[in-house]
Amino acid sequence: MKNEFWQCPVCGQPDNSTARCPVCGTDQSAPQSVPVGNTSRHAGDNRSEILVVGAGIAGVAAAEAARKFDENARIVLVGEERELPYYRLNLTRFLAGELPMEKLPLHPRQWYENRRIELFTGESVIRMDPVHKTILTTKGRNWCYDRLVLATGSRPAVPPLAGTEKKQIFTLRTLNDAQTLIKACDRGTKALVVGGGVLGLEVAAALASRGGEVTVVEDFDWLLPRQANPAAGRHLARRLEQQEIRLLCGQRVAEIFGGESVEKVVLESGEELVTNLLVFSIGVHCAVELAVAAGLKTRRGVLVDDQLRTSDPSIFAAGDVAEHRDTIYGTWFPAQAQGVVAGRNAAGLEASFSAIPRSNNLRVLDIDLYSIGDIAPEQKNVKTLEEDTEDGYYFFAFQDDSLIGAILMGDVTPAPRLKTLVESRASCEALLKGARNGADIRQRLMNA
Ligand SMILES: Cc1cc2nc3c(=O)[nH]c(=O)nc-3n(C[C@H](O)[C@H](O)[C@H](O)COP(=O)(O)OP(=O)(O)OC[C@H]3O[C@@H](n4cnc5c(N)ncnc54)[C@H](O)[C@@H]3O)c2cc1C
């Protein structure tokens, strides 16, 4: 049996009744299916206890998928955050004041009740005992499980610098973090964002929209070092500077000064920046503590096979915490897709997750950016075509007539088509024929 679910072709948000994706704004007129593997039920499985630890998108997707395929199982979903599971990727829009809090939850409480998913919020799992198949929570509850899905996500990294414990120093991962930041940022607040990746830029934009005077410090020589090449990074830098966000690339924070609260930051270059709000956005660590303590195999994340099974056959892992074929995706759509696979398998089916090319979809200060696949190819037989204009930057990398990577900055309309081409590795002979530059490729993609 072939299993498919429909979703936004760019950010992976499941298909919905609106014309535009509520998450990334993509026109939903061209949805595409994402195969999540073949499934077949194990013989002889009856009512079971399925426990999902972590109520982010991976955990919710796992619980939902498990219920779809096992009507009878007891399904418990435990999450340490107080709120109903929500669209974490919309936190920056919430921070910018573009989205009210009511729009954040993934589903109302009733949705969980209707599916007989027992949701416990504000409660952490503090111990997992794979031998007796039990877990213990902060509220002293002991639960047994037959199968467990670990979906504990990741936690923001903070550099090992003196002074990071001072007040007015933040990270952004949770709704609670966003609410704290909103209270801390007034008009004229001198805000420093450390990290010029996707999240850092979105935070910078959000703080600027709240009246903060924002500076971004990035270690690399260009912005978005993981999602864009230097040319795209420079293009973005020009656009952000027009929005009065100061950018300092190729710089690092050396020291943090202040009393109780941060007051000044000194960079390795010696430059001093008056700072009354500091946000670190330098990456995340997988939340592997429970797995490590339980003796599961981990590296940066919890190691899983194609069925998303960990080194313990009764425990699956999905989302930001999972390391699959050396990859930790760290983004929404793979977390959701892995949640579905892990949930199905926890319900006794055999679903598999195949590696998917990384893609990024970012909107910052009205600039859209989409990148997918290999955006800094070093192989000799790769042909690259670019287009750099006032309004945008576009980059395409082809190997053996197949598209292996692309960047769209400005008009991201061809993103779904690019995603299909990169994922399928289909021949692009017709697209390439006679193309002189990136503009030709983009024009052809738009006309396709
Ligand atoms: C501000 C922000 C913006 C983002 N924007 C984008 C974007 O535009 N596009 C994109 O693709 N991705 C984006 N991401 C990344 C995306 O949100 C994550 O990849 C995704 O949320 C991962 O889902 P997850 O369920 O694996 O983990 P998480 O969302 O981290 O959820 C894990 C949950 O488990 C809970 N938990 C942890 N330990 C325990 C425990 N012991 N017991 C109980 N509960 C526990 C955590 O509190 C958390 O609620 C963004 C992330 C942030 C923070």
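Given the structure is predicted, the values throughout are model-derived calculations rather than measurements.

A. Looking closely at the sheet that holds strand β17 (residues 272-274). Spatial ordering of the open sheet is given by β15-β16-β17, a layout of three strands whose pairing is antiparallel. Looking at strand neighbours, the two that pair on one side only are β15 (253-258) and β17, the edges of this open sheet. Adjacent strand axes in the sheet meet at a mean angle of 25 degrees when their direction is disregarded.

B. Layout of the site of the ligand. Looking at the ligand, there are 31 residues lining it, with Glu81, Arg88, Arg173, Asp320 and Trp332 nearest. Note that an oxygen atom of the ligand is positioned 2.9 Å from one of the backbone N or O atoms of Ala58. Backbone polar atom of Gly330 to an oxygen atom of the ligand: 3.2 Å apart, as the coordinates give it. Here the ligand, which alone exposes 1,000 Å², has 92% of that area covered by the protein. Every element with two or more residues in the shell around the ligand is listed here: α1 (57-69), β10 (154-156) and α8 (332-346). Among the residues forming the shell around the ligand, the class breakdown is 14 nonpolar, ten polar and seven charged.

C. A look at the confidence of the model for the protein. Confidence in the prediction for the protein averages 89 pLDDT; 89% of positions are at 70 or higher. Contacts of residues 1-6 to residues separated by more than four positions or lying in other chains number 23 contacts, the stretch itself having pLDDT below 50. Here residues 30-45 is a poorly scored stretch, pLDDT under 50, and it has 54 contacts once near neighbours within four places are set aside; other chains count. Confidence metrics for the complex model read pTM 0.86 and ipTM 0.99.

D. Region of the structure containing the pairing of strand β24 (residues 367-373). Counting buried positions along β24 yields six of seven residues, so the element is predominantly enclosed. As judged from the five bridges shared by β24 and strand β27 (residues 402-409), these two strands associate in the antiparallel manner. Its bridge partner lying in β27, Leu369 is registered against Met409.

E. Seen up close, helix α11 (residues 438-447). All of the buried residues along α11 are Gly438, Asp440, Ile441, Arg442 and Leu445. Capping of α11 at its N-terminal end is provided by Asn437; its side-chain oxygen lies 3.1 Å from the backbone amide nitrogen of Ala439.

F. Quick peek at the sheet that holds strand β7 (residues 134-137). Within the open sheet, the three strands sit side by side as β6-β7-β8. Their pairing is antiparallel. Strand pairing shows two members of the sheet lacking a second neighbour, β6 (125-129) and β8 (142-144), which therefore form its edges. Within the sheet, the average angular offset between the axes of one strand and its neighbour, ignoring direction, is 20 degrees. Bridge count for β7 against β8 is three bridges, and the pairing is antiparallel. Bridge pairing in β8 places Ile135 opposite Trp143.

G. The packing of α1 against α8, seen in detail. Packing of α1 against α8 brings their axes to within 7 Å, and their N-to-C directions diverge by 35 degrees. Here α1 runs over α8; the crossing is right-handed. Contact residues: α1 offers Ile57, Ala58, Ala61, Ala62, Ala65, Ala66 and Phe69, while α8 offers Trp332, Ala335, Gln336, Gly339, Val340, Gly343 and Arg344. Residues belonging to the contact of α1 with α8 are distributed by class as follows: ten nonpolar, three polar and one charged.

H. Looking closely at the environment of Asn176. Within the secondary structure, Asn176 is located in helix α4 (residues 175-184). You can call Asn176 partly exposed: its relative accessible area is 38%. For the pair Asn176 and Ala73, spaced 103 residues apart in sequence, the C-alpha to C-alpha distance is 32 Å.

I. Here's a closer look at the side chain of Arg67. Inspection of the secondary structure puts Arg67 in helix α1. Among buried charged residues, Arg67 stands out as having no salt bridge; its nearest opposite-charge side chain is Asp70, 5.1 Å away. Leaving out residues up to four positions away in the same chain, Arg67 has contacts with Asn72, Ala73, Ile75, Arg115 and Arg116.

J. Quick look at the environment of Pro225. Topologically, Pro225 is positioned in the loop between β13 (213-218) and α6 (230-242). A relative accessible area of 15% places Pro225 in the buried class. It is 14 Å that separates the C-alpha atoms of Pro225 and Gly373, two residues lying 148 residues apart in sequence. Ignoring anything within four residues of it in the chain, the contact list for Pro225 reads Gly196, Glu218 and Phe220.

K. Seen up close, the pattern of salt bridges. Overall, the coordinates contain 23 salt bridges when judged by the stated rule. In this structure, the salt-bridge partner of Glu98 is Arg93, at a minimum N-O distance of 3.8 Å. Of the residues examined, Glu98 reaches a relative accessible area of 53% and is grouped as exposed. You can call Arg93 partly exposed: its relative accessible area is 28%. Ionic pairing is found between Lys419 and Glu423, a salt bridge with its closest N-O pair at 3.4 Å. Here Lys419 and its partner Glu423 are both found in helix α9 (residues 415-424), four residues apart, which amounts to about one turn of the helix. Within this structure, Glu49, Arg74 and Glu118 form a network of salt bridges that share partners.

L. The arrangement of the packing of aromatic side chains in detail. Tallied over the entire structure, the rule returns five aromatic pairs. Each ring, one from Trp111 and one from Tyr112, has its centre 4.9 Å from the other, and the planes form 80 degrees; the classification is edge-to-face. For the pair shown, Trp111 and Tyr112 are each scored as buried. Ring geometry for Phe220 and Trp222: centres 5.5 Å apart, planes at 80 degrees, overall edge-to-face. Here Phe220 falls in the partly exposed class, since its relative accessible area comes to 40%.

The rules behind these values
Residues numbered from 1 in each chain as written. Predicted model: local features only at pLDDT ≥ 70, side-chain atom pairs only at ≥ 80, totals over all residues. Heavy atoms only, no water. Pairing = 2+ DSSP bridges. Helix = DSSP H or I, 4+ residues; strand = E, 2+ residues; numbered from the N terminus. Axes fitted to C-alpha atoms, helices over the stretch in contact; angles between N-to-C directions. Near = heavy atom within 4 Å. Polar contact = N/O pair within 3.5 Å; in protein donor to acceptor, adjacent residues only side chain to side chain. Areas by Shrake-Rupley, 256 points an atom, 1.4 Å probe, with all protein chains shown as cover. Nonpolar A, V, L, I, M, F, W, Y, C, P; charged D, E, K, R; others polar. pLDDT = per-residue confidence, 0-100. Contact = heavy atoms within 4.5 Å. Buried < 20%, exposed > 50% of the residue type's maximum accessible area, 1.4 Å probe, protein only. Left-handed = near helix turned anticlockwise from the far one by under 90°. Lys, Arg positive; Asp, Glu negative; His and termini not counted. Salt bridge = Lys/Arg side-chain N within 4 Å of Asp/Glu carboxyl O. Phe/Tyr/Trp six-rings, centres within 6.5 Å; stacked < 30°, edge-to-face > 60°.

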